[in-house]
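A structural walkthrough
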Amino acid sequence: MNIPIWFEVGSLVVLVLILIGDLMLVRLRPHIPSTKESTLWVAFYVGLALVFAGLLAVFAGGQFAGEFLTGWALEYSLSIDNLFVFVLIMAQFAVPRRLQQMVLMVGIIIALVLRGLFIMLGVTIIENFSPIFYIFGAFLIYTAIRQAMPEGDHDGEVQRENFIVRLLRRRIDISDEYDGNKIRTVVDGKRIWTPMVIVFVAIGVTDLMFAIDSIPAIFSITQNSFLVFTANIFALMGLRQLYFLLGDLLDRLRYLHYGIAIILGFIGIKLILHAMHENELPFINGGEHIEWAPDIPIWLSLTVIVVAMAGATIASLVAAAREKRATKKVSIPE
């Protein structure tokens with residue numbers, strides 16, 4: 001059973017309309033969302049993803065629905081790591097808090113376009129060079145090791161963005177002050193760009209860097225380009241609201257990188273096992289498939305993703321609560 005073309009086209013049209021509506025809402029009403037508002041929006045997008053999975057099950061079968069759900073959970077988990085860098089970017093460029101929704105929304109749209117190109121490239125490579133899974137798997141295991149030792153890693157991402165920013169400043173005139181949510185303003189009678197354009201580029205480039213990890217990872221779940229792209233859309237659509245919902249909580253998620261490292265390491269191993277199972281390299285097993293190499297089932301992948309993220313989050317919150325209690329005890333005079 002395949003995914004009907006009408007379902008693919010209709011789904012993409014609806015998702016594009018939702019994104020446009022969300023962008024217009026943010027542009028017309030720039031504000032700092034409350035916790036309640038952010039929670040409702042996150043719940044809406046999560047619910048939308050679950051409804052989409054249900055429709056997939058009805059019109060295309062449970063296999064596709066399971067692949068989408070697992071891919072979405074994977075991309076959503078890995079996207080949370082983006083939020084730490086987004087916080088650094090917002091602080092670095094002193095983006096007014098009421099304008100941050102607009103910045104994140106435009107950055108997400110830029111990221112979706114870039115990820116779409118990346119996905120098409122990935123699918124083309126996989127179709128013509130199946131041993132790429134060995135490379136993807138080794139890269140994800142290497143990335144998992146880096147995630148487990150992340151000292152200064154997020155700062156490194158910002159440093160790489162600084163190069164892009166410096167290059168941009170040399171090419172175009174940029175004002176020193178923001179002018180609301182405008183990307184163009186007038187200074188001394190001359191029309192120039194505002195710092196908003198730099199922030200848009202920084203957010204988009206950041207997400208593309210993270211996609212280098214997440215796109216190969218989701219190919220371990222499915223090679224269906226429609227499912228890969230929609231999983232990315234749903235993961236990124238709720239990212240803006242999640243940024244405001246978590247807020248200061250991000251600083252307390254000290255063990256989150258371990259959860260992400262476990263997920264990346266597991267997916268890396270899964271990719272290598274898949275490559276062994278489909279092996280075509282002449283210098284490995286004589287170019288024959290390695291039959292004993294198991295294909296890890298979707299349900300196990302989803303379980304590892306959920307348990308790793310939940311465990312890292314709970315451990316972080318428990319450690320933060322203990323530290324807070326210890327600080328209170330020290331501050332109480334004897």
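Residues numbered from 1 in each chain as written. Predicted model: local features only at pLDDT ≥ 70, side-chain atom pairs only at ≥ 80, totals over all residues. Heavy atoms only, no water.

1. Focus on the overall build of the protein chain
Within the protein chain, the secondary structure is distributed over eleven helices and two strands. Scanning the protein chain from its N terminus toward the C terminus, one meets helices and strands in the order α-α-α-α-α-α-β-β-α-α-α-α-α. In the protein chain, once contacts between residues fewer than 6 apart in sequence are set aside, the share between residues at least 24 apart is 79%. For the protein chain, the computed accessible surface area is about 16500 Å², with 67% contributed by carbon and sulfur atoms. (Helix = DSSP H or I, 4+ residues; strand = E, 2+ residues; numbered from the N terminus. Contact = heavy atoms within 4.5 Å. Areas by Shrake-Rupley, 256 points an atom, 1.4 Å probe, with all protein chains shown as cover.)

2. Things to note about the pattern of salt bridges
Scanning the entire structure with this criterion turns up one salt bridge. As a salt-bridge pair, R115 and E75 come within 3.3 Å of each other at their nearest N and O atoms. Taken as a pair, R115 in helix α4 (residues 100-128) and E75 in helix α3 (residues 62-92) lie far apart in primary sequence, 40 residues in all. Neither residue differs from the other here; R115 and E75 are each classed as buried. (Salt bridge = Lys/Arg side-chain N within 4 Å of Asp/Glu carboxyl O. Buried < 20%, exposed > 50% of the residue type's maximum accessible area, 1.4 Å probe, protein only.)

3. Considerations on the packing of aromatic side chains
On inspection of all chains with the given rule, the structure shows 16 aromatic pairs. Taking 5.2 Å as the distance between ring centres and 40 degrees as the angle between the ring planes, the aromatic pair formed by F52 and F234 counts as tilted. Here F234 lies in helix α8 (residues 225-237) and F52 lies in helix α2 (residues 35-59), a separation of 182 residues in the sequence. You can call F234 buried: its relative accessible area is 2%. Put simply, the rings of W6, F7, F52, F59, F68, F226 and F234 touch in pairs and so form one group of aromatic residues. (Phe/Tyr/Trp six-rings, centres within 6.5 Å; stacked < 30°, edge-to-face > 60°.)

4. Concerning a negative patch on the surface
On the surface, a cluster of negative charge is made up of E278, E280, E288, E291 and D295. Tracing the sequence through the fold places E291 in the loop between α10 (256-277) and α11 (298-331). Its relative accessible area of 57% is what places E291 among the exposed residues. (Patch = residues over 30% accessible without salt bridge, like charges linked within 9 Å, V, L, I, M, F, W, Y side chains within 5 Å. Lys, Arg positive; Asp, Glu negative; His and termini not counted. Charge placed at Lys NZ, Arg CZ, Asp CG, Glu CD.)

5. Looking at α10
Under the 1.5 Å per step criterion, the end-to-end length of α10 is 32 Å for 22 residues, consistent within 8% with the ideal 32 Å. Most of α10 is tucked away, with 17 of its 22 residues classed as buried. (Expected span 1.5 Å × (residues − 1).)

6. Notes on the side chain of T194
Tracing the backbone through its elements, the reader meets T194 in the loop between β2 (190-193) and α7 (196-218). Those residues in contact with T194 that lie beyond four places of it in its chain are I174, S175, E177, D179, K182, I183, R184 and T185.

7. A look at the nonpolar core
In this structure, L56, F68, L74, F219 and I267 are the most contacted members of the largest nonpolar core, which totals 96 residues. It is α3 that contributes the most residues to this core, 15 residues altogether. Here F219 is in contact with I119, G122, V123, I126, F133, F136, V228 and L271, once residues within four sequence places are set aside. (Core = buried A, V, L, I, M, F, W, Y, C linked by side-chain atoms within 4.5 Å.)

8. Describing helix α1 (residues 5-28)
End to end, α1 covers 35 Å across 24 residues, agreeing with the expected 34 Å (1.5 Å per residue, within 8%). Buried within α1 are the following residues: F7, S11, L15, L19, D22 and V26. Considering only its buried residues, α1 is in contact with α2, α4, α8 and α9 (239-246).

9. Quick word on the packing of α3 against α9
Where α3 meets α9, the closest approach of the two axes is 10 Å, and the angle between their N-to-C directions is 65 degrees. Taken together, α3 and α9 sit at an angle that is classed as roughly perpendicular. Along this stretch, α3 crosses α9, giving a crossing that reads as right-handed. Between α3 and α9, the residues in contact are Y76, S79, I80, N82, L83, F86, V87 and M90 and L239, L242, Y243 and L246, respectively. (Axes fitted to C-alpha atoms, helices over the stretch in contact; angles between N-to-C directions. Parallel < 35°, antiparallel > 145°, perpendicular 65-115°, else oblique. Left-handed = near helix turned anticlockwise from the far one by under 90°.)

10. Observations concerning empty space enclosed by the protein
As enumerated under the stated definition, the model contains two cavities of 30 Å³ or more in all. The computed volume of the second largest cavity comes to approximately 40 Å³. Lining the second largest cavity, in full, are P33, E37, S38, W41, Q101, R240, Q241 and F244. Counting residues per element, the ones that place at least two in the lining of the second largest cavity are α2 and α9. (1 Å grid on protein atoms, 1.4 Å probe; cavity = no way out; pocket = protein on both sides within 12 Å on 5 of 7 lines; lining within 4 Å. Points joined across faces, edges and corners; volume = space filled by probe spheres on them.)

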